[in-house]
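The primary structure of each chain is shown beneath.
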Amino acid sequence: MLKKYFSILLFLLTTYLTSAQSNKIQLLGKVKEQKSFLLRWVPSNEKVWLESMKYGYTLTKITYSKGKNTSTKKIIFSAKKPESKGFWEDLATKDDYAKVANKLLFDSEPTSKDTSEINNENRARFAFLMIAADFSALVSEHLGLRFEDVEVNKNDRYKYIISINYPDLNQMKKSEESLIMYVDKLIPDYNPKDLEIKDYADSIVILSWRTHPNAIYTAFNIERSNDGGKTFNKVNNAPIIPTDGKGDTLSYGDKVPQLYKDFYYRVKGLTPFADESPASETTKIFAYNTRIPGGQNLNYQFTKNRKTLLTWSYPDSILINIQGFKIKRSDNLANNTEIITPKLLPKNRRFFADSIIVSKIYQVIAVDLRGNEKVSQPLMVEVLDSIPPIG
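Keep in mind that this is a model prediction, so the values were computed, not measured.

Cut-offs used in this document
- Residues numbered from 1 in each chain as written.
- Predicted model: local features only at pLDDT ≥ 70, side-chain atom pairs only at ≥ 80, totals over all residues.
- Heavy atoms only, no water.
- Axes fitted to C-alpha atoms, helices over the stretch in contact; angles between N-to-C directions.
- Helix = DSSP H or I, 4+ residues; strand = E, 2+ residues; numbered from the N terminus.
- Parallel < 35°, antiparallel > 145°, perpendicular 65-115°, else oblique.
- Contact = heavy atoms within 4.5 Å.
- Nonpolar A, V, L, I, M, F, W, Y, C, P; charged D, E, K, R; others polar.
- Core = buried A, V, L, I, M, F, W, Y, C linked by side-chain atoms within 4.5 Å.
- Buried < 20%, exposed > 50% of the residue type's maximum accessible area, 1.4 Å probe, protein only.

**Looking at the packing of helix H2 (residues 46-55) against helix H5 (residues 115-135)**
Between H2 and H5, the least distance of the axes is 9 Å, while the angle of their chain directions is 80°. Taken together, the axes of H2 and H5 are roughly perpendicular relative to one another. On H5, the residues that touch Glu46, Trp49 and Leu50 of H2 are Asn122, Arg123, Arg125, Phe126, Leu129 and Met130. A class-by-class count of the residues in the contact of H2 with H5 yields five nonpolar, one polar and three charged.

Set out below in structure tokens:
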């Protein structure tokens with residue numbers, strides 16, 4: 001199964017590693033409440049990851065003091081590697097994503113002797129581990145991919161350098177990635193945009209939203225409110241991973257738990273720091289039954305003032321699901337078809353008088369709450385000279 005899905009999961013990594021180079025590390029930073037820095041790094045591919053597993057990471061901090069032409073350099077850690085098997089076994093009892101990491105680190109070593117097969121299995125292990133690190137701060141920290149620096153001052157500037165701890169200094173230098181951080185340079189937390197109900201049918205709500213162009217999301221959570229938007233609960237069991245790579249628009253389907261009730265939705269993004277973004281704007285839908293018929297039991301008669309009077313029936317029990325009716329007239333269902341009601345007829349109406357008497361085909365269309373149309377069986381109206389109009 002790992003091999004089957006590794007390419008999909010690797011796409012997730014590339015969605016935010018937009019500037020990653022081959023055989024490099026991507027370093028991200030976040031100011032936390034103007035009191036500390038969160039640092040998060042990711043190897044660009046499974047080869048870099050395997051090298052980091054062998055040699056570990058080195059994190060260097062350079063402090064530039066304001067108003068001084070001096071700087072201080074400090075090695076925060078060197079040869080940082082994932083924790084031991086015993087540690088992960090204990091952490092797995094507290095964190096579901098740690099269970100995944102534990103298995104991938106210690107129970108999924110490639111068994112094949114085929115080089116291509118080994119590469120594929122390592123690529124899959126790498127992808128799943130990086131996903132687990134995205135979704136859990138504990139996992140990323142103990143994989144050696146996260147650090148929080150609390151020794152910061154708002155008057156100073158800081159440069160962080162992450163590298164693989166190669167024995168060869170030139171090779172170590174080539175693996176470096178750096179980031180400049182300021183305490184007072186806050187980056188806004190962006191929320192997902194333009195949430196809307198894209199479609200609704202058979203109790204399934206299709207939500208659509210766009211990512212913010214300045215945001216870094218690794219996945220999303222969908223929340224639903226059953227009490228008018230007062231409280232929201234997550235509806236997805238696992239974070240929703242964008243895997244199609246087609247632009248910045250995403251979608252998700254949710255089945256409402258009951259009909260004839262308002263439901264509110266909102267979306268939150270997940271960042272590589274395992275944080276949730278602020279919620280999107282909410283959107284609302286009234287859940288109704290979309291399995292409705294068109295008009296039923298159609299009939300007609302001609303009036304003395306030379307009109308065609310159509311009548312039909314419709315169950316009162318399902319009127320809550322519709323807005324009203326349209327009347328469709330045509331020569332043979334395919335040609336010269338037109339809607340002859342410029343406005344929707346009220347849903348409690350069961351008749352319509354056409355201003356002409358001609359041989360035509362009529363249909364009564366029920367229009368549901370979202371504008372979807374359900375068309376009746378056709379009614380053939382035939383004009384015979386021997387049949388006089390009624391009063």
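Once you've had a look at it, read on.
**Describing unusual backbone geometry**
Excluding glycine, most residues fall at negative phi; most peptide bonds, likewise, are trans. At Ala79, a residue that is not glycine, the phi angle is positive and equals roughly 60°. One can find Ala79 in strand S4 (residues 71-80).

**Comments concerning the nonpolar core**
Membership of the largest hydrophobic core comes to 35 residues, with the highest contact counts inside it found for Trp41 and Tyr160. Where this core is concerned, the elements lending two or more residues are strand S1 (25-32), strand S2 (36-43), H2, strand S3 (57-64), helix H3 (85-91), helix H4 (96-106), H5 and strand S6 (157-164). Element by element, the count of residues in this core is highest for H5, at five residues. With sequence-adjacent residues up to four places away left out, Trp41 is seen in contact with Ile25, Gln26, Leu27, Tyr57, Phe77, Gly144, Leu145, Arg146, Phe147 and Ile162. Grouped together as the second largest cluster of nonpolar side chains are 20 residues, Leu298, Phe302, Tyr314 and Tyr362 included.

**Remarks on the side chain of Ser208**
The topology assignment puts Ser208 in strand S9 (residues 204-210). A residue is classified by how much of its surface remains accessible, and Ser208, at 7% relative accessible area, is buried. Non-local contacts of Ser208, meaning those with residues more than four positions away in its chain, are made with Asp194, Leu195, Glu196, Lys198, Thr249, Leu250 and Ser251.

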